[in-house]
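# Remarks on the overall topology
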2 protein chains.
Amino acid sequence: MRTLSSFALVTIVVFALVCETYGDEGMYLFNDLPKSQLKSRYGFEPSEAWADNLRLSSVRFNSGGSGSFISSDGLVLTNHHVASDTLHKLSTEDRNLIDQGYLAATTADELKAPDLELNQLVSIEDVTDRVEAAVAKDASVADATKQRRAVIAEIEKESQDKTGFRSDVVTLFGGAKYHLYRYKKYTDVRLVWAPETAAAFFGGDADNFEYPRYCLDATIMRVYEDGKPAKLKNFLRWSDKGVSEGELVFVSGNPGRTQRIFTVDALKYLRDTRMPYVLDYLRRKEVTLQQFGLAGAEATRRARDELFGVQNGRKAYTGMLAGLQDPKTIATKQQREEKLLAVIKADPALADAAKAFDEITSVQSEKKDLIGQTVSLRSRLFDLALTSVLRAAEDEKPNGQRLREFTETGRESLVQDLLSEAPVYRDLERVKLADELARLVEHRGGDDQLVAEVLAGKGPRERAAELIDGTKLDDISVRKRYLEGSLDDIQKSDDAMIGLARLLEPEYRRLRTINEELDERERQAYAKVTEVVSRMQGDSGYPDATFTLRLAFGQVKSYQQDGKTVSFATNFGGAFEHEAKHAGQTDFDLPKSYAAAKEALDLSTQMNFVCTADIIGGNSGSPVVNRSGELVGLIFDGNIQSLTSDYLYTDQQARAVSVSGVGILEALRKIYGAESLADSIGK
Amino acid sequence: MRTLSSFALVTIVVFALVCETYGDEGMYLFNDLPKSQLKSRYGFEPSEAWADNLRLSSVRFNSGGSGSFISSDGLVLTNHHVASDTLHKLSTEDRNLIDQGYLAATTADELKAPDLELNQLVSIEDVTDRVEAAVAKDASVADATKQRRAVIAEIEKESQDKTGFRSDVVTLFGGAKYHLYRYKKYTDVRLVWAPETAAAFFGGDADNFEYPRYCLDATIMRVYEDGKPAKLKNFLRWSDKGVSEGELVFVSGNPGRTQRIFTVDALKYLRDTRMPYVLDYLRRKEVTLQQFGLAGAEATRRARDELFGVQNGRKAYTGMLAGLQDPKTIATKQQREEKLLAVIKADPALADAAKAFDEITSVQSEKKDLIGQTVSLRSRLFDLALTSVLRAAEDEKPNGQRLREFTETGRESLVQDLLSEAPVYRDLERVKLADELARLVEHRGGDDQLVAEVLAGKGPRERAAELIDGTKLDDISVRKRYLEGSLDDIQKSDDAMIGLARLLEPEYRRLRTINEELDERERQAYAKVTEVVSRMQGDSGYPDATFTLRLAFGQVKSYQQDGKTVSFATNFGGAFEHEAKHAGQTDFDLPKSYAAAKEALDLSTQMNFVCTADIIGGNSGSPVVNRSGELVGLIFDGNIQSLTSDYLYTDQQARAVSVSGVGILEALRKIYGAESLADSIGK
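Residues numbered from 1 in each chain as written. Chains lettered and ligands numbered in written order. Predicted model: local features only at pLDDT ≥ 70, side-chain atom pairs only at ≥ 80, totals over all residues. Heavy atoms only, no water.

Turning our eyes to something else, we now look at the overall build of chain A. When helices and strands are counted, chain A shows 24 helices and 21 strands. For chain A, the C-alpha radius of gyration of 25 Å lies close to 26 Å, the compact-globule estimate for 683 residues. In terms of principal-axis extent, the alpha carbons of chain A reach across some 65 × 65 × 50 Å. Counting over 683 residues, chain A shows a buried share of 62%. Considering only residue pairs separated by 6 or more positions, chain A has 81% of its internal contacts joining residues 24 or more positions apart. Accessible surface, chain A as shown: approximately 24900 Å² in total, 49% of it carbon and sulfur. Taken together, the 89 basic and 106 acidic charged side chains of chain A have centroids lying 1 Å from each other. (Helix = DSSP H or I, 4+ residues; strand = E, 2+ residues; numbered from the N terminus. Rg over C-alpha atoms; globule rule 2.2 N^0.38 Å. Buried < 20%, exposed > 50% of the residue type's maximum accessible area, 1.4 Å probe, protein only. Contact = heavy atoms within 4.5 Å. Areas by Shrake-Rupley, 256 points an atom, 1.4 Å probe, with all protein chains shown as cover. Lys, Arg positive; Asp, Glu negative; His and termini not counted. Charge placed at Lys NZ, Arg CZ, Asp CG, Glu CD.)

See the structure below:
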C-alpha cells in the first residue's frame, strides 16, 4: 500500500533532482508542469483551469496520504488504508469499524475523526532568494542550520499572519529551491462510509503490492466548516466509464519521498546500512505486535492498525532493498553518475560540485556511525511526554530559534495532536515500551550510563510497567494542563513518563542537532550538484518527492510477466474467482455483503486498474483523472516491480494500482445500499 | 518448548563449571552423581541399579531432544515437539501428521523416520590425561587446535573400532576434563502414536513458556533392530499415580547448553551483541516463513515445522535477553565473580587464572568483530551442497586432520543425513535461499567481491531461483553419487548449488578456523578458571550443559505469582476451561477428539505439572521419575521465569513443566482409543 510509512522516514532527508527522465517518469510541481512532455508524448495541453481545479480538488492527509474532494458538499475520497488510522481511533471493543465498515445514514451519523488534518494547496510562492540571503555565505554548518531555520520560521509566520493559511516552506531540488506552500486546513473531518477490511484489503499481506488485485481500498469522509458540511467550489466530477488500454491519466497527490538524485554512495548507505536497519526494526515490531494480539480478539483489534502499517512498511522496504541489492541497479546509477562526473571534472569552474560528491560520501559514513542512536522511544505515552517536555522548553525561545514543530505556525497541528481523543491502550503501551527499552539497551549497550538511569535498576519489562503505571498522560486534561503550563510545571512534575522524557531530553537534543547538521551539509552539497544538473538538462525536471502536491501522468497499460499478459484492469467477477481460488485462507474471504450482493452486481464492472504514472508512498488516496479532469480512479498501491521506484523509475513492468471510480460507485449502490451517497458524488 | 534450538548454537561454545549451587540447581554427570546433596536435602541414596536403569532407559534424539525407553519391546516416549521434525518429514499434502496426529493400528503401520538417530549412553570413560598429553604445553593456538582435534579423532576411532559403539569425546568443565561417551545407536525409529498439534501445542505461541498449561506434548515411537521391534532390557516402569506437592523427582536428559560459568564480560557479549543478533535473525526467519505460508494451506504446512522452531527460539531468546538486560542479573554475577577474583588475586600462584579472565574478555571482543560473518546459508539444498563439497575434500585427509563431522566415527550419521528421504520443497528453498543471499549482501556489503561472485550480476531473488533451478541435489541418487565420488567429481560438477558451495568453501574454512581457534583460546582460559573453582569448591560440582546425559533433581512445587498461588498441577478439566476462556482464538481450540471423549474422560486426571529440577533446551522429552525410578512425567517446557536459567538458576518461580504420565495414559485410553498401546507401556 502506498501510504507514507511513518517509520523509517525520520532520518532520511528528502530532496533531490533527477538528471534525465524516462518514459512517463516524473512527479511534477504544480507551478512547473511538464507541458512540453505532455504535448510531445500525448498531444495534451492542460489548461490553467484544468490544472487549478485538479490542484484545488486534491487534499493531503497529514496522517500520511492523499485524497480528493468529490462533491460540492464536502465529500472527500481516500483509501481505506489511509483512513484506517481514523477508523482505528474511532473503534472500540464494541464498535469495530475496521472489521465491520461503516455507513452514516444521515449527516448526523457522520463520525468525527479525533485528530485528522486535511490540507488543500491554495498557492505556491518561490522564496529561494530570501532564504539564501539569510544564510551567510561562509557560515559554519551549525550557524547555517540556525540561520536557515530562523528565516524559514519567519517566512512561515509572516505568511500565516497575513493570509491565515497554513504556510510551509518546502525545500526542493536538494536545497536549490525553497517554495512557500499555503494551505487551507480542514480539521473537522468526519467518516461517511468505509467498507469492511475484508473488502478493502482483500488478499491481505499476501496480495499487498501484487497485481492483479480486487481491492475496494476506498473510504469517503466529509470536511466540515463551522459544524456544517463545507461548501466546495472545487471538486472532481466523475467519469461514468471505466478506463481503456492506452488511455492517458493523471495522478494528483503527495508522494512522500524519493531518492532519485542520491549519489551512488548515498544509495549504498541505504543498501548496506539504513534499509537493513529499518527492516530489522520493522520485523521486530511486527513480531511484537503479533505476539500482543495473541492475547485475544480485543488485543488483536488494538494492535491491528499499527501492525498493518508495520507489515506494509516491511513488505515495501523488502522490495526496495531487493532492488538495491540487485547489482544491475547500482550499475545503472553508477553509469549515470559517471556521465555527470565527467562533465563536472572537465570544467574547473565546477570544482565545488565535484567536492559536493565527496561531502555526500562523508556524510553517509557519519550517518552510518549514528545508526540506531535514537532515544525517541516509539510509544504514544512517551511521545506525549517528550513533546510536552520539549514544548515547555521551546516556548521559552524566540519563534525563529525553536525546533521546527514548535514554531508558532505549527501550533495548531501540535495542539491537535497533543489533545487528540484517540484512545491510548495501556496494555499495548506497556508491551511496546518494554520492547523499546530493550532496544535502547541493545543499541547503547547495557553498561551505558544513560541506559542505567533509564532502567533504574529494573529489567525493561518491569521498568516499562512501572512507567506506564506511573503516568497520567492518557488523560487529555492532564496533557492540557502541561500544554498550558510552564517549564517549571514540567520540571516539578512527578509523572513517571514526564520524568523519563526529562532524563532523555538532553540526549534527544544532542542527537537531533547532529542529524540536522548532517542534513544541512547534505542540503548544501546536493544544491551544488543540482546546479550542474539543471544546466545540463535545460528543460524543467522535477524535484525528489517531499510529501507535497505533485502531478504525475501515464498510460493505462497492461504488461508482460512470466511470458503472460497481465491485463490493465480487473473486475468484480474476478474478485469472486480470486476468493474461490484461495478457499480456506482467511485473508481471501470476501465479506458477507459481497456474497449477498452477487446477483445484483454487474460482475464485469472494473474494479482495479494499473497505469504507468510515477507514484510512491504518500500517493495513496490520490485521485486519478482523465484528460477531461474527471475522476476515473483512486491510487492505492504499486505492484511489486514498482518498489524500486524510490530510486529508479521504470515502466517495463512497474505499475501504479488504482481502485476504479466506476467500481466504487457500483459497490456503493449494489453492495452497500448507499444510493443517495453515490448520487451525490461528483455533484 | 525446551528443545535444543538449532539456531544460535553454532558459534556459542559450550563449557563451564559452576562455582556454587543453589537449592536444586545442577545437571549432574551420571559418573559423578550428586550423592551428598541428595542425601542431605532429601535423604535419598540412589542405588547403582537405580542409576544404571535410568541412564540406560534414557535416549538422546540427535535432532535435538531427549526421550526414554518405556517398554521391553522398544517403545520410546518423547515430546510431540521433539518428534515434530519427523512428523513433518513423514507428512505430505495428503497426509498431514502434524495437524491430524497418528496411531499405528499394528506394528506394520508404524512409519519409519527418514533420518532419526537415537543414542543410548552405555559407558563413560575419563580420557583427560590422554588428551592433555597430546597437546604440547607451549603449542600455538593453531597447533593446539589441531593436536586436540587429532587426538580426539584417534580416541573416538579406536573406541568405535574396538566396541562398535558410537564414541564421542565430550569436553567438560571448560576443557578441564575430557570424557569418552559410548552410545548404542538406533537408526531405525518408527512412529507409533502422535496426538494432533491442537492437543500437543494447545495454546500455541501465546502459551509457549507459560504456566498453567494443558498440553499433551507427547509422542510415542519405537526402535527397531534388524527390522523388528528392539528387545530392551532397560526401560522405565510407570507410576500409576499422579505427583504430589513436595515430591522428589528426577530428570534424566540431555540439556543442550548453559552458560553458568561465563565471566561477566562473556555474558555482556551475549547481552549486547550475540543475543540481539540472534533475535534479529530469528524474527527475520519468522516473518519470511509466515509470508511463505500466506500462499496457501500447503505452503503453510511446508513451512510450519521450521516456523514453530523459529518462534520457539525467538520466544526463548527474548526471555533470556530480558533476563540479561535486567541490571540485577549482571550485578549478581559480578558479585560472585569478584569473590572469585579476590581469591585469585590474593595468591600469586594463581596468576594464570587471573590472566585467563583477560583472555576471555579479549576473545569476546574478537567474536564481536566476527558477528554476522558467516557463509553457511540456511537452505537444505545449499547445506547438502556444502557438505558434499567439504566431504570430498576432507576424505583426502588423514582421519585425525579432518573437520570433526567428517571423521570416520561420524560417517554413519553423515551418510544418514545426506541420504535422508525427507522431502525438500523447492518453492520453500527458493524463498529461504533468496533471504539468505540478501542477508549475505547485508552483512558483507554489496561491494564485497565474494558477494559479487555469489550474485553473478543478479538480485538475490533472481539468483536464488537460478540456483534452485540449477541443482539436482533434491534427488537422493545424485547426492549418493557425490558421496561415493571423488574430489574430482565435485570439481567438475556443473550443478549450480555445488558451484556455489565451491565458491564459498574457502571463506567457510577461513571463518571456521578463526572460530575454532577462538574456541580453543576460550577452552584453555576456562580450564584455568575451573582449576581454581574446583579447588575452592572441594565437593563435586557439575559442568555446564553439553547436550549429553545429565541427572537433575527437584521437588514438585507450586509457586507464587502476582500474589496468587500457581498450583503444581493442572488436569483435563482445566484444559476444557482454558479453551472456553479463549473462545475464538484458533490456537486455543482443542481437537475434536477431546470433545468426543469428554464424557469418558476423568477430568480430574493430572495433565501437566511443575517441578524445580534444573533443565534447559535439549531436555525436552526427558523422563521425569520418582524415587522408585518410575516414570511420572515428561519434560516439555520451562515457565517464563525459567528462561534465565541459561546463566542463572533460580527456584523462586522458575519451574520445569512436564506432561503427566497418568495424563498420557488417560489420553491414550479415552481420547485416542489406544488401549493396547497403553497396556504395553511400562512392561
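Bringing the domain arrangement of chain A into the picture now. Where interface size is given, it is often the accessible area lost as the parts come together that is meant. Residues and elements named next belong to chain A. Here chain A is described as being made up of domain 1 (12–117 + 187–260 + 543–680) and domain 2 (272–324 + 362–528). Taken over C-alpha atoms, the centre of domain 1 sits 30 Å from the centre of domain 2. Residue-level contacts link 32 residues of domain 1 with 29 residues of domain 2. Taken over both partners, the interface formed by domain 1 and domain 2 buries close to 2600 Å², and the fraction arising from carbon and sulfur atoms is 54%. Residue Asp99 pairs with Arg304 through a salt bridge whose shortest N-O separation is 2.3 Å. (Domains from an automatic or database assignment. Buried area = accessible area lost by both parts, 1.4 Å probe. Salt bridge = Lys/Arg side-chain N within 4 Å of Asp/Glu carboxyl O.)

Under the fitted operation, chain B is carried onto chain A by 0.0 Å of movement along the axis and a turn of 180 degrees, and the coordinates agree to an RMSD of 0.0 Å. Look at the turn and shift together and you get a two-fold axis relating the two. (Least-squares fit on C-alpha atoms with pLDDT ≥ 70 in both.)

Let's shift gears to the pattern of salt bridges. Residue and element names in this part refer to chain A. Overall, the coordinates contain 140 salt bridges over all chains when judged by the stated rule. In this structure, Arg130 and Glu158 form a salt bridge, with 2.9 Å as the shortest nitrogen-oxygen distance. Of this pair, Arg130 sits in helix α5 (residues 128–134) while Glu158 sits in helix α6 (residues 141–163), and the two are 28 residues apart along the sequence. A salt bridge links Glu507 to Arg510; the nearest nitrogen and oxygen atoms lie 2.9 Å apart. Taken together, the positions of Glu507 and Arg510, both in helix α20 (residues 496–537) and three residues apart, correspond to about one turn of that helix. In this structure Arg510 comes out as partly exposed when scored by relative accessible area, which is 40%. Where salt bridges share partners, they join Arg284, Lys285, Asp435, Glu436, Arg439 and Glu442 into one cluster.

Below, the discussion takes up the interface of chain B and chain A. If you look at the interface, chain B gives 42 residues, while chain A gives 43 residues. Of all residues in chain B, Arg283(B), Gln325(B) and Glu442(B) give up the largest surface area on contact with chain A, accounting jointly for 18% of the area buried on that side. Linking chain B with chain A are six salt bridges, by the criterion used here. Ionic pairing is found between Arg271(B) and Asp447(A), a salt bridge with its closest N-O pair at 3.0 Å. Here chain B is connected to chain A by 17 residue pairs in polar contact (both at pLDDT 80 or more). Mapped by element, the contributors of at least two residues to the side of chain B that touches chain A are α8 (204–207), α9 (264–293), α10 (297–325), α11 (327–346), α15 (426–444) and α17 (460–469) of chain B. It is α9(B) that contributes the most residues to the side of chain B that touches chain A, eleven residues altogether. In the side of chain B that touches chain A, the residues fall into 14 nonpolar, eleven polar and 17 charged. (Polar contact = N/O pair within 3.5 Å; in protein donor to acceptor, adjacent residues only side chain to side chain. Nonpolar A, V, L, I, M, F, W, Y, C, P; charged D, E, K, R; others polar.)

Residues Asp126(A), Asp129(A), Glu132(A), Asp352(A) and Glu531(A) make up a contiguous surface patch of negative charge. One can find Asp352(A) in helix α12 (residues 351–370). (Patch = residues over 30% accessible without salt bridge, like charges linked within 9 Å, V, L, I, M, F, W, Y side chains within 5 Å.)

This part covers helix α12 (residues 351–370) of chain B. Residues and elements named next belong to chain B. Between its terminal C-alpha atoms α12 stretches 29 Å, which fits the 28 Å expected from 20 residues at 1.5 Å a residue. For α12, the full list of buried residues reads Ala353, Ala356, Phe357, Ile360, Val363, Gln364, Lys367 and Leu370. For α12, the angular spread of buried residues about the axis comes to 135 degrees, placing them on one side. Within α12, the exposed residues directed more than 90 degrees away from the buried face are Lys355, Asp358 and Asp369. Downstream of α12 by one or two residues, Gly372 has phi in the positive range, about 85 degrees. (Expected span 1.5 Å × (residues − 1). Arc of directions from axis to C-beta.)

On to the sheet that holds strand β14 (residues 550–555) of chain A. All names here are of chain A. Read from one edge of the open sheet, eight strands run β1-β14-β13-β19-β20-β21-β18-β17, paired in antiparallel fashion. Two strands in the sheet have a free side with no partner beyond their single neighbour: β1 (28–29) and β17 (569–571). Relative to β14, strand β13 (residues 248–253) runs antiparallel, the two being bridged by six bridges. Bridged to Val251 within β14 is Ala552. Together, β1, β13 and β14 form the strand contacts of helix α1 (residues 35–42), whose direction differs from that of β14 by roughly 10 degrees. The strands touched by helix α23 (residues 661–671) within the sheet are β18 (606–611), β20 (631–638) and β21 (656–660), with β21 carrying the most contacts at an inclination of about 35 degrees. (Pairing = 2+ DSSP bridges. Axes fitted to C-alpha atoms, helices over the stretch in contact; angles between N-to-C directions.)

On to the nonpolar core. Looking at soluble globular proteins, one finds that nonpolar side chains tend to be buried together. Ile220(B) and Tyr594(B) are the most contacted members of the largest nonpolar core, which has 84 residues in total. Discounting residues that sit within four places of it in the chain, Tyr594(B) has contacts with Ala199(B), Leu216(B), Phe572(B), Phe576(B), Met607(B), Ile671(B) and Tyr672(B). Listed in part, the 83 residues of the second largest apolar core include Val243(A), Tyr542(A), Leu668(A) and Ile681(A). (Core = buried A, V, L, I, M, F, W, Y, C linked by side-chain atoms within 4.5 Å.)

With that out of the way, let us pick up the sheet that holds strand β1 (residues 28–29) of chain B. Residues and elements named next belong to chain B. The sheet built from eight strands is open, its strands ordered β1-β14-β13-β19-β20-β21-β18-β17 with antiparallel pairing. Looking at the sheet topology across the chains shown, the edges are occupied by β1 and β17 (569–571). By the bridge criterion, two bridges tie β17 to strand β18 (residues 606–611) in an arrangement that is antiparallel. Residue Asn571 lies in a different strand from β18, and its bridge partner there is Gln606. Its contacts with the sheet place helix α21 (residues 572–581) against β17 and β18, and it is angled at close to 75 degrees to β17.

On to the packing of helix α3 (residues 80–90) of chain B against α10(B), then. When two helices pack together, their arrangement is given by the angle between the helix axes and the distance between those axes. Residue and element names in this part refer to chain B. Packing of α3 against α10 brings their axes to within 9 Å, and their N-to-C directions diverge by 155 degrees. One way to sum up the angle between α3 and α10 is to call them roughly antiparallel. α10 is crossed by α3, and the crossing has left-handed handedness. When α3 is examined against α10, the residues Ser84, Asp85 and His88 are found in contact with a partner set consisting of Arg301, Arg302 and Asp305. Split by residue class, the contact of α3 with α10 holds no nonpolar, two polar and four charged. (Parallel < 35°, antiparallel > 145°, perpendicular 65-115°, else oblique. Left-handed = near helix turned anticlockwise from the far one by under 90°.)

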